[in-house]
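For reference, the chains in residue letters:
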Amino acid sequence: MIRTIGVIGGGQLGRMFALDAKRMGYDVIALDPQPRSPCGQVADEQIVAQYDDFDAIERLGAHTDVVTYEFENIAIESIRRLEERGYSVSPSSLVLQITQDRIAEKTFARDSGAPVADFAEVSSVGDVRAAGERIGYPAVLKTVSGGYDGKGQWRVSDERGALAALEEAGGARLIFERFVPFEREISVICARSAKGEIVSYPPAENEHDAGILSLSLVPARVSPEIAGNAREITERLAAALEIVGSFCVEFFVTGGNLLVNEIAPRPHNSGHYTIDATRCSQYEQHVRAICGLPLSPPELMRNAIMVNILGTGTGNTLEGIDQLLKDPSIVLHVYGKRHAPNRRKMGHFTMLLDGPVTDREIARAREARALLRWTDSADETAQVTV
Ligand SMILES: Nc1ncnc2c1ncn2[C@@H]1O[C@H](COP(=O)(O)OP(=O)(O)O)[C@@H](O)[C@H]1O
Ligand SMILES: [Mg+2]
């Protein structure tokens, strides 16, 4: 019987997960180094500790019935130890091990029959030369682990650039990938239960700005064949990984074909729309999956555009909400982060559509975001963020 859920990581994904878990009657304990983290604010308790503090993570295991995590850059050792001590962890350490290492992830995807762009591991000048000859330029070099939101990546057009990236990485393991001239990026949110039940949502189409998700358009403007294939590949990866929980697969659409870019072993930014536009969000599916409950049909009730609200480094008070919320089709989510440095994910809104995703609706979503700005308010108590 599961009553209490532990979440490693106190960010917005953990917060939205905890909100659904609380609605469904569970107690939640978050673990994050930052006191009153976004998740900690809505959880019953927060353990303030680093992600590699094995004692603290073991305490989390001891006080909860199941432990999950909301980001993948945690020490794999801490998840393994929980498993060794007999605590229940979802997704498993094996899933985390594969998905936190870009080489292991792409190799696993390829071996499972999912198409990926050509790649090679490079850690020396010789490796870079060989990869350049086999794969060609332009290319993208990325740190094998620890990267997110476009961090730890170099786009290079020739060997000189690749060697400079190698040097800048200072010995970190790198993956050398073919640069994909994609038409679109799409992602599929999927959930799998311990019994092997699998559901996947219609693909979202994602626009990034300098490596950070900016907009998700739902459903993606792709053919039914592409949408169906993306779901089929995602479900195949769910089964192959034997993952328990919600997760996301990001794809490039290029020349009418799909290439898997990334697998995130957790709810994903591009799935925020499921809160407002479907009957059962990716977060509720995650609760259901890790608590042994049946999954819910991933039915899209409204088309939607999800718009990320990033910090700009110009202050910690969000202004313009009064204007934004005059539009009844907009649902606002703010994550409760105290500081809004440039490009930090601070919140998002979902614009629910009556019809299809069109250029006009996309422009409307952008205009809505332009109503918002971060300022330094003299009156700190007037802050929306805590
Ligand atoms: N091989 C590639 N070819 C073209 N664009 C890429 C490639 N790899 C990454 N990108 C771009 O950079 C973004 C972030 O890269 P990604 O691999 O998803 O890393 P992360 O999201 O962990 O930072 C992608 O969404 C895509 O826009
Ligand atoms: Mg990504």
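Relevant structure appears above.
The structure displayed is predicted, hence computed values, not measured ones.

In terms of nonpolar packing, the biggest core is built from 28 residues, with Ile 186, Leu 237, Phe 251, Leu 258 and Val 260 touching the most fellow members. Elements supplying a minimum of two residues to this core: α4 (93-99), α5 (102-111), β9 (184-192), α8 (224-241), β13 (245-254) and β14 (257-264). The leading source of residues in this core is α8, at 6 residues. Counting residues in hydrophobic clusters, the runner-up holds 20 residues, among them Leu 215, Met 346, Val 357 and Ile 362.

Turning to the pattern of salt bridges, a few remarks are in order. By the definition in use, this model includes 26 salt bridges. Residue Arg 129 pairs with Glu 159 through a salt bridge whose shortest N-O separation is 2.9 Å. Separated by 30 residues along the polypeptide, Arg 129 in helix α6 (residues 125-135) and Glu 159 in helix α7 (residues 159-169) bring together distant segments of the chain. Note on Arg 129: relative accessible area 40%, which makes it partly exposed. By relative accessible area, which is 29% here, Glu 159 ends up partly exposed.

The next point concerns the coordination of the magnesium ion (ligand 2). Only Glu 250 (OE), Glu 250 (OE) and Glu 262 (OE) from the protein coordinate the magnesium ion (ligand 2), and they sit 2.1 to 2.8 Å from it. Of this pair, Glu 250 sits in strand β13 while Glu 262 sits in strand β14; the two residues are 12 residues apart in sequence, bridging distant segments of the chain.

Positionally, Val 260 belongs in strand β14. Excluding its chain neighbours within four sequence positions, the residues that come into contact with Val 260 are Lys 106, Ala 114, Pro 115, Val 116, Ile 233, Leu 237, Val 249, Glu 250 and Phe 251.

Attention shifts here to helix α3 (residues 76-84). Owing to its 3.6 residues per turn, the α-helix brings residues three or four apart onto one side. For α3, the full list of buried residues reads Ile 76, Ser 78, Ile 79 and Leu 82. The arc that holds the buried residues of α3, viewed along the axis, is 165 degrees, so those residues lie on one side. Lining the buried residues of α3 we find β1 (4-8), α2 (54-63), β4 (66-69) and α4. Positive phi appears at Gly 86, one or two residues downstream of α3, with a value of about 90 degrees.

Attention now moves to the packing of aromatic side chains. In the structure shown here, the tally under the stated rule is 3 aromatic pairs. With 4.6 Å between their ring centres and 65 degrees between their planes, Tyr 51 and Phe 71 make a pair best called edge-to-face. With Tyr 51 in the loop between β3 (45-48) and α2 and Phe 71 in the loop between β4 and α3, this residue pair connects regions lying 20 residues apart in the sequence. Ring geometry for Tyr 137 versus Phe 176: centroids 5.6 Å apart, planes at 70 degrees, classification edge-to-face. Highlighted residues: Tyr 137 in the loop between α6 and β6 (139-143) and Phe 176 in strand β8 (residues 174-178), separated in sequence by 39 residues. A relative accessible area of 0% means that Phe 176 is categorised as buried. Taking NZ or CZ as reference, Arg 81 lies 4.0 Å from the ring centre of Phe 54, over its face.

Right, let's get into α7. When α7 is considered as a whole, its buried residues turn out to be Ala 162, Ala 165, Leu 166 and Ala 169. Relative to the axis of α7, the buried residues are bounded by an arc of 100 degrees and lie together on one face. Projecting away from the buried face of α7 at angles above 90 degrees are the exposed residues Arg 160, Glu 167 and Glu 168.

Our focus in this paragraph is the packing of helix α1 (residues 12-23) against helix α10 (residues 282-290). Packing of α1 against α10 leaves a shortest axis separation of 8 Å and a crossing angle of 65 degrees. Accordingly, the angle class assigned to the pair α1 and α10 is roughly perpendicular. With respect to the hand of their crossing, α1 and α10 are arranged in right-handed fashion. Between α1 and α10, the residues in contact are Leu 13, Met 16, Phe 17, Asp 20, Ala 21 and Arg 23 and Tyr 283, Glu 284, His 286, Val 287 and Ile 290, respectively. Tallied by class, the residues present in the contact of α1 with α10 amount to 7 nonpolar, 1 polar and 3 charged.

Scoring rules and cut-offs
- Residues numbered from 1 in each chain as written.
- Chains lettered and ligands numbered in written order.
- Predicted model: local features only at pLDDT ≥ 70, side-chain atom pairs only at ≥ 80, totals over all residues.
- Heavy atoms only, no water.
- Core = buried A, V, L, I, M, F, W, Y, C linked by side-chain atoms within 4.5 Å.
- Buried < 20%, exposed > 50% of the residue type's maximum accessible area, 1.4 Å probe, protein only.
- Helix = DSSP H or I, 4+ residues; strand = E, 2+ residues; numbered from the N terminus.
- Salt bridge = Lys/Arg side-chain N within 4 Å of Asp/Glu carboxyl O.
- Donors = N, O, S within 2.8 Å, 3.2 Å for Na, K, Ca; no water.
- Contact = heavy atoms within 4.5 Å.
- Arc of directions from axis to C-beta.
- Phe/Tyr/Trp six-rings, centres within 6.5 Å; stacked < 30°, edge-to-face > 60°.
- Lys NZ or Arg CZ within 6 Å of the ring centre and 35° of its normal.
- Axes fitted to C-alpha atoms, helices over the stretch in contact; angles between N-to-C directions.
- Parallel < 35°, antiparallel > 145°, perpendicular 65-115°, else oblique.
- Left-handed = near helix turned anticlockwise from the far one by under 90°.
- Nonpolar A, V, L, I, M, F, W, Y, C, P; charged D, E, K, R; others polar.

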